[in-house]
Amino acid sequence: MRPRPWHLAAVALLTLTGGTVLLRAAGGEAARTVEVTMHHSRFQPAVVRVAPGSTVRFLLRNTDPIDHEFILGDEAVQRRHEQGREREHHGQVPGEVSVAAGREATTTYTFRAGGPATLEFACHLPGHYAYGMRGVALVSRG
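Since the structure is predicted, the reported quantities are computational estimates derived from the model, not experimental observations.

**Focus on the pattern of salt bridges**
Once their charged atoms are close, side chains differing in charge can pair, the charge on each being opposite to the other.
Consideration 1: One pass over the full model with this rule turns up 3 salt bridges.
Consideration 2: The partner of Glu35 in a salt bridge is Arg61, with the nearest N and O atoms 2.8 Å apart. Note that Glu35 is positioned in strand S2 (residues 30–39) and Arg61 in strand S5 (residues 55–62), a separation of 26 residues in sequence.
Consideration 3: Taking relative accessible area as the criterion, Glu35 reaches 25% and is therefore assigned partly exposed.
Consideration 4: Residue Glu75 is joined to Arg79 by a salt bridge in which the shortest nitrogen-to-oxygen separation is 3.4 Å. With Glu75 and Arg79 both in helix H2 (residues 75–82) and 4 residues apart, this pair spans about one turn of that helix.
Consideration 5: Taking relative accessible area as the criterion, Glu75 reaches 59% and is therefore assigned exposed.
Consideration 6: Three or more residues are tied together by salt bridges with common partners; here these are Glu35, Arg61 and Glu104.

Structure, rendered in structure tokens:
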């Protein structure tokens, strides 16, 4: 299959922006894509900055030989997942997704204006959170 001109332009844009892309969402507002790699049972980057009211598409790459998950939410969400009360959650919950070993997945999350200033993202598969597989989304203007 021969690459089309728009494929080449997309690759060039991804290269120039470090993989962060602005997509036009309904209503014309920009939805940002943030790439997060799961490597050696850590999130890279471990800190993501987002604007209040923004919608972010997370592209998650698991480069480890084991499965992981990405759970984004406040302390109550993290506690429920760590205690194992929400094991069958993935699929339709914004900000929550399982990522098989060596695979990619996406999830989209809208950071409410007036919501918490920080939200945690973590993996709650057995032992992963205790090992330190977590990061932070800092919600602020500028």
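**Here's the deal with the nonpolar core**
Consideration 1: Counting 22 residues, the largest nonpolar core has Met38, Phe43, Phe58, Leu60, Phe70, Leu72 and Phe111 as its most contacted members.
Consideration 2: Elements with a contribution of two residues or more to this core: S2, strand S4 (47–50), S5, strand S6 (68–73), strand S7 (96–99), strand S8 (104–110), strand S9 (118–122) and strand S10 (134–139).
Consideration 3: Beyond its immediate sequence surroundings of up to four residues, Phe43 is in contact with Val36, Thr37, Met38, Glu69, Phe70, Phe121, Ala122, Cys123, Met133, Arg134 and Gly135.

**Description of the packing of aromatic side chains**
Both the distance between ring centres and the angle between the ring planes are used here to describe each pair of aromatic rings.
Consideration 1: Within the structure shown, the criterion is met by 6 aromatic pairs.
Consideration 2: Between Phe58 and Phe111, the ring centres sit 6.5 Å apart and the planes meet at 65 degrees, which makes this aromatic pair edge-to-face. Placement of Phe58 in strand S5 and of Phe111 in the loop between S8 and S9 is noted, with a sequence separation of 53 residues between them. With respect to burial, Phe58 and Phe111 carry one shared label: buried.
Consideration 3: Centre to centre, the rings of Tyr109 and Phe111 are 4.9 Å apart; their planes meet at 65 degrees, and the pair counts as edge-to-face. Each member of the pair, Tyr109 as well as Phe111, carries the same accessibility label: buried.
Consideration 4: Taken together, the aromatic side chains of Phe43, Phe58, Phe70, Tyr109, Phe111 and Phe121 make up a single cluster linked through ring pairs.
Consideration 5: Against the face of Tyr129 rests Arg134, its NZ or CZ located 4.0 Å from the ring centre.

What counts, and where the lines are drawn
Residues numbered from 1 in each chain as written. Predicted model: local features only at pLDDT ≥ 70, side-chain atom pairs only at ≥ 80, totals over all residues. Heavy atoms only, no water. Salt bridge = Lys/Arg side-chain N within 4 Å of Asp/Glu carboxyl O. Helix = DSSP H or I, 4+ residues; strand = E, 2+ residues; numbered from the N terminus. Buried < 20%, exposed > 50% of the residue type's maximum accessible area, 1.4 Å probe, protein only. Core = buried A, V, L, I, M, F, W, Y, C linked by side-chain atoms within 4.5 Å. Contact = heavy atoms within 4.5 Å. Phe/Tyr/Trp six-rings, centres within 6.5 Å; stacked < 30°, edge-to-face > 60°. Lys NZ or Arg CZ within 6 Å of the ring centre and 35° of its normal.

Purely geometric numbers; function is a separate question.
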